[in-house]
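# Per-entry structural report
If you want the building blocks of each chain, they are given just below.
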Amino acid sequence: VIQSGNPECFFVMNADVCSDFPLSEMVVFHRERPHACCTMMGTEASREQALNYGCLVENTDTHEVLHYVEKPGTFVSSIINCGVYLFSPDLFNHIATVFARHQEELSSKDSIRLEQDIFPMLTGDSKLFVYKTQKFWSQIKSAGSAIYANRLYLALYHKTHPDRLARGGEGMPNITGDVYIHPSATVDSTAVLGPNVTIGANVTIGPGARIRESIVLDGATIQDHSCILH
């Protein structure tokens, strides 16, 4: 299915990341390297944080990945894998190679993992490159990190699509900072929302409610004079 239409390249992304995704920039970067099989998005992390992610060593002139280790036991590099990849169709040849190797070794492995099986074999051969982003990026591993991601995306909307954010006014709730309200939600005009609040579809918010730094999921009902913080 992926190869139908003979795509020049295609994106693969982890589902647990949020970012101001620089996809167009990655495409330009990838096209400038005709032998690349993969361009991965990377960013800088602290020495302590880096141990929790895939780490890579790059050629600073060409941005080729020379070494890749998934969640190393000791410090390797402050450049981490962001879980956003742009692949050329040549990827499937490398997957086939790994599959054949597993068959020859009579391996019990029933899956092929990008980070452990594919990336190490691409390093140092002008096949794997890193596009380092200075834009925001974060993993979403907990409810707390989802609140942080919500704040980042609302700030992005503020810059790129301010028309999508709620505005106060006559008959409208009191809005502070960046707030998104789904068109199907019902919010009492005496409610106070914000900053950094997202109201999902078919939500009902009663009189006097106060909500800040929160995501209210679809179909929820917030009772009169409730207070929800973080």
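About the cut-offs
Residues numbered from 1 in each chain as written. Predicted model: local features only at pLDDT ≥ 70, side-chain atom pairs only at ≥ 80, totals over all residues. Heavy atoms only, no water. Helix = DSSP H or I, 4+ residues; strand = E, 2+ residues; numbered from the N terminus. 1 Å grid on protein atoms, 1.4 Å probe; cavity = no way out; pocket = protein on both sides within 12 Å on 5 of 7 lines; lining within 4 Å. Points joined across faces, edges and corners; volume = space filled by probe spheres on them. Nonpolar A, V, L, I, M, F, W, Y, C, P; charged D, E, K, R; others polar. Buried < 20%, exposed > 50% of the residue type's maximum accessible area, 1.4 Å probe, protein only.

This brings us to unusual backbone geometry. In this structure, Pro195 follows Gly194 across a cis peptide bond, with omega equal to 0°. Structurally, Pro195 can be placed in the loop between strand 12 (192–193) and strand 13 (197–199). For Asn202, which is not glycine, the phi dihedral falls at a positive 60°. As for its position among the elements, Asn202 is in the loop between strand 13 and strand 14 (204–205).

In this section: the layout of surface pockets. Over the atoms rolls a probe the size of a water molecule, and in doing so it shows where empty space is left. The calculated volume of the largest pocket comes to roughly 190 Å³. In terms of lining residues, the largest pocket is bounded by 17 residues, among which Asn14, Tyr53, Glu70, Lys71 and Gln139 are the most central. At the level of elements, strand 5 (65–70), strand 6 (79–87) and strand 8 (137–139) are the ones that each hand at least two residues to the lining of the largest pocket. Of all the elements, strand 6 adds the most residues to the lining of the largest pocket, at 4 residues. Of the residues assigned to the lining of the largest pocket, the class counts are 6 nonpolar, 6 polar and 5 charged.

So, on to the environment of Val27. Within the secondary structure, Val27 is located in helix 1 (residues 23–31). When its relative accessible area of 18% is taken as the criterion, Val27 is described as buried. For the pair Val27 and Leu91, spaced 64 residues apart in the sequence, the C-alpha separation amounts to 16 Å.

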